[in-house]
Amino acid sequence: MRFRLLRIVAAAAAFALGGAHAAVPLSKLNVDKTKISVSGLSSGGFMANQLGYAYAGTFMGVGVFAAGPYMCAGHSNYTACMYNATVSSAMLSTMQADIDNWSGSANDAKSAVARQKIYMFVGNNDTTVGPNPMNAVQAQYASNGVPAANLSYVKYASTAHVFPTDFDSTGNNACSSSISPYISNCGYDGAKAALSWFYGTLNARNNAPAASNYVEFDQTPYTAGNAGMATSGWLYVPASCAGGAVCKLHVALHGCQQGYATIGDKFVRNTGYTRWADTNNIVVLFPQAKVDNSSHPTSASGNLANPNGCWDWIGWYGNTFAQKAGVQMAAIKKMVDQVASGSGSSDGGGTTGLPAPTGVRTSGATTSSMVLGWTAVTGAASYNVFRNGNKVNALGVTGTSFTDTGLAAATTYSWTVAAVDANGVQGALSAAASGTTTGTAATCFTASNYAHTTAGRATTSGGYTYANGSNQNMGLWNTFTTTTLKQTGPNYYVIGTCP
């Protein structure tokens with residue numbers, strides 16, 4: 001275990017310096033296999049969509065940021081799936097025939113798609129892909145049995161072809177501009193929106209994840225020499241997950257011109273995924289595509305090179321590109337299987353000799369907080385606190401008490417505590433202590449934006465919908481855009497979910 005932590009620190013140092021990298025073997029971690037999800041932007045969004053259909057039994061959640069429907073470029077020139085082109089019903093029927101024909105053979109059974117949670121995002125000013133192809137993504141999922149309650153579709157105003165965040169990062173482009181690195185402060189946290197849609201209410205994010213949690217790993221055992229994939233990728237491992245906690249796994253796929261070789265660590269660090277992962281027991285896998293200037297025959301777009309390092313959504317690397325047999329698809333799935341093949345007692349799992357804290361107790365309940373206390377453990381340098389299995393402290397707790405905030409009113413939670421030694425290695429988890437916050441539980445309403453206005457929870461202006469009270473922009477006013485509103489006061493609603 002100590003060797004592994006030293007290895008992570010060494011990899012993190014190379015990551016921070018941006019120089020020569022010492023890629024290590026991909027870790028095996030203690031992953032809940034029912035909590036694996038994927039998302040991506042642009043070509044990464046197309047790839048996330050493909051993975052969700054082909055490996056529907058693996059991915060319980062799929063996030064599509066500015067991409068198009070499954071197998072669109074398998075039958076039409078790729079330009080018919082971009083540039084805000086209208087995807088016709090006839091085109092969708094042709095794509096559906098592939099989904100139907102490959103169900104249970106070339107792909108997992110399509111019945112598993114209907115059980116997924118789908119998050120979709122596009123900027124209204126996106127002319128690279130645009131709302132029309134994304135409308136087709138929504139229609140395709142609905143046609144394959146995903147209920148409206150599991151579909152979240154956000155069309156965001158004044159936003160171009162970018163990954164949206166709500167914080168500034170060095171090198172960001174303007175939200176209204178489709179230029180490198182295609183990551184922008186749009187006042188909207190896309191990573192949070194996707195991850196909370198898949199996993200429910202999240203603990204507050206850590207805006208400064210530890211450099212030691214970023215690990216560069218060797219992709220070559222999984223890529224089989226594929227010309228479109230880099231030799232290394234990145235993995236973010238929260239300390240709790242490195243210590244053996246049961247964690248979720250999210251695959252985050254960059255878009256064209258967003259690979260590490262092109263923009264460095266910006267997609268890995270500046271999209272926000274790791275900020276939320278750190279405090280919510282989520283491991284994030286960042287596979288890497290690469291620039292390929294060789295010309296390849298594609299499924300419907302003639303001979304093309306891949307000079308922007310895009311993920312394969314047009315058939316550069318074989319006509320099975322969107323099936324389980326697709327070389328990039330299979331490579332990513334093998335990486336997922338590797339990360340999820342560990343346990344609490346092997347390769348990154350397990351604990352030190354530090355015993356579990358005793359006397360864990362709750363007190364001081366308010367509508368949004370709870371105080372945790374416990375008995376000190378000899379040899380402990382700090383402690384980690386877990387709420388319902390998710391780590392809640394961004395930094396190690398050096399005392400024997402912790403106030404957990406951001407809780408929902410009138411809700412019962414369960415907490416455990418683990419001691420951490422001077423080397424950062426976590427000990428055994430304590431017995432659970434439960435407590436209930438005071439107040440009245442919030443009420444959530446999931447409906448179309450049109451239904452929200454007719455029910456008096458929102459208003460409309462200029463074609464957009466705004467939540468009463470908070471005045472948050474919910475997107476277009478229509479019967480297709482679905483939003484979950486949480487009532488936090490009389491006639492006061494915010495976009496969010498209830499625990």
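Residues numbered from 1 in each chain as written. Predicted model: local features only at pLDDT ≥ 70, side-chain atom pairs only at ≥ 80, totals over all residues. Heavy atoms only, no water.

Student: Residue-level account of the overall build of the protein, with values.
Tutor: Scanning the protein from terminus to terminus reveals 13 helices and 26 strands. Taken over the C-alpha trace, the protein has a radius of gyration of 23 Å; the compact-globule value for 499 residues is 23 Å, and the two agree within 12%. For the protein, with 499 residues in total, the buried portion stands at 57%. Taking as baseline every contact in the protein between residues at least 6 positions apart, the subset at least 24 positions apart corresponds to 67%. Computed over 25 positive and 18 negative side-chain charges, the inter-centroid distance for the protein is 7 Å. (Helix = DSSP H or I, 4+ residues; strand = E, 2+ residues; numbered from the N terminus. Rg over C-alpha atoms; globule rule 2.2 N^0.38 Å. Buried < 20%, exposed > 50% of the residue type's maximum accessible area, 1.4 Å probe, protein only. Contact = heavy atoms within 4.5 Å. Lys, Arg positive; Asp, Glu negative; His and termini not counted. Charge placed at Lys NZ, Arg CZ, Asp CG, Glu CD.)

Student: Give a description of the sheet that holds strand β22 (residues 458–461) that names residues and reports values.
Tutor: Strand order in the open sheet formed by three strands is β22-β23-β24, and the pairing between neighbours is antiparallel. Of all the strands in the sheet, the pair left with one neighbour each is β22 and β24 (473–476). Each strand axis lies, on average, 25° off the axis of its neighbour in the sheet, ignoring direction. (Pairing = 2+ DSSP bridges. Axes fitted to C-alpha atoms, helices over the stretch in contact; angles between N-to-C directions.)

Student: Please give an account of helix α5 (residues 131–143) that cites residues and values.
Tutor: Residues separated by three or four positions in an α-helix point in the same direction, a consequence of the helix having 3.6 residues per turn. For α5, which comprises 13 residues, the first-to-last C-alpha distance of 18 Å matches the rise-based estimate of 18 Å (1.5 Å per residue) to within 8%. Residues Pro-131, Pro-133, Met-134, Ala-136, Val-137, Gln-138, Gln-140 and Tyr-141 constitute the buried set of α5. Of the surrounding elements, those touching the buried residues of α5 are α2 (43–54), β2 (61–65), α4 (89–102), β3 (117–123) and β4 (151–156). Remark: Gly-145 follows α5 within two positions and exhibits a positive phi of approximately 90°. (Expected span 1.5 Å × (residues − 1).)

Student: Let's hear about the environment of Asn-384: which residues, and what values?
Tutor: Within the secondary structure, Asn-384 sits in strand β15 (residues 382–387). Asn-384 sits 128 residues away from Cys-256 along the chain, and the two C-alpha atoms are 38 Å apart. Apart from the residues within four sequence positions on either side, Asn-384 is in contact with Lys-391, Asn-393, Thr-416, Val-417, Ala-418, Val-420 and Gln-426. Of note is the side chain of Asn-384, whose polar atom sits 3.0 Å from the side chain of Gln-426. (Polar contact = N/O pair within 3.5 Å; in protein donor to acceptor, adjacent residues only side chain to side chain.)

Student: I'd like to hear about the side chain of Asn-49, residue by residue, with values.
Tutor: Residue position: Asn-49 is located in helix α2. Judged by its relative accessible area of 0%, Asn-49 is buried. In this view, Asn-49 contacts Val-62, Val-64, Gly-68, Pro-69, Tyr-70, Val-137, Gln-140 and Tyr-141; residues no more than four positions away in its chain are not counted.

Student: Go over the confidence of the model for the protein with me, naming the residues and quoting the values.
Tutor: The predicted model of the protein averages 90 in pLDDT, with 93% of residues at 70 or higher. Counted against residues more than four places away or in other chains, residues 345–352, with its pLDDT under 50, gives 31 contacts. (pLDDT = per-residue confidence, 0-100.)

Student: Any chance you could break down the sheet that holds β3 for me, citing the residues and the numbers?
Tutor: Judged by pairing direction, the sheet is mixed, and its eight strands sit side by side in the order β4-β3-β2-β1-β9-β10-β8-β7 without closing on themselves. Unpaired on one side and paired on the other, β4 and β7 (214–218) mark the two borders of the sheet. Looking at each pair of strands side by side, their axes are set apart by 15° on average, direction ignored. In this structure, β3 lies alongside β4, joined through six bridges in parallel fashion. Bridging across to β4, Ile-118 finds its partner in Leu-151.

Student: Please give an account of unusual backbone geometry that cites residues and values.
Tutor: With an omega dihedral of 10°, the bond running from Ser-180 to Pro-181 counts as a cis peptide bond. Relative to the assigned elements, Pro-181 resides in the loop between β5 (163–165) and β6 (183–185). Notably, Ser-42 is not glycine yet its phi reads approximately 60°, a positive angle. The residue Ser-42 is located in the loop between β1 (31–41) and α2 in this model. Relative accessible area serves as the criterion here: at 12%, Ser-42 is assigned to the buried category.

Student: Any chance you could break down the side chain of Gln-96 for me, citing the residues and the numbers?
Tutor: Tracing the backbone shows Gln-96 in helix α4. The class for Gln-96 is buried, based on a relative accessible area of 16%. At 2.9 Å, the side chain of Gln-96 and the side chain of Asn-144 are in polar contact. Here Gln-96 is in contact with Lys-110, Ser-143 and Asn-144, once residues within four sequence places are set aside.

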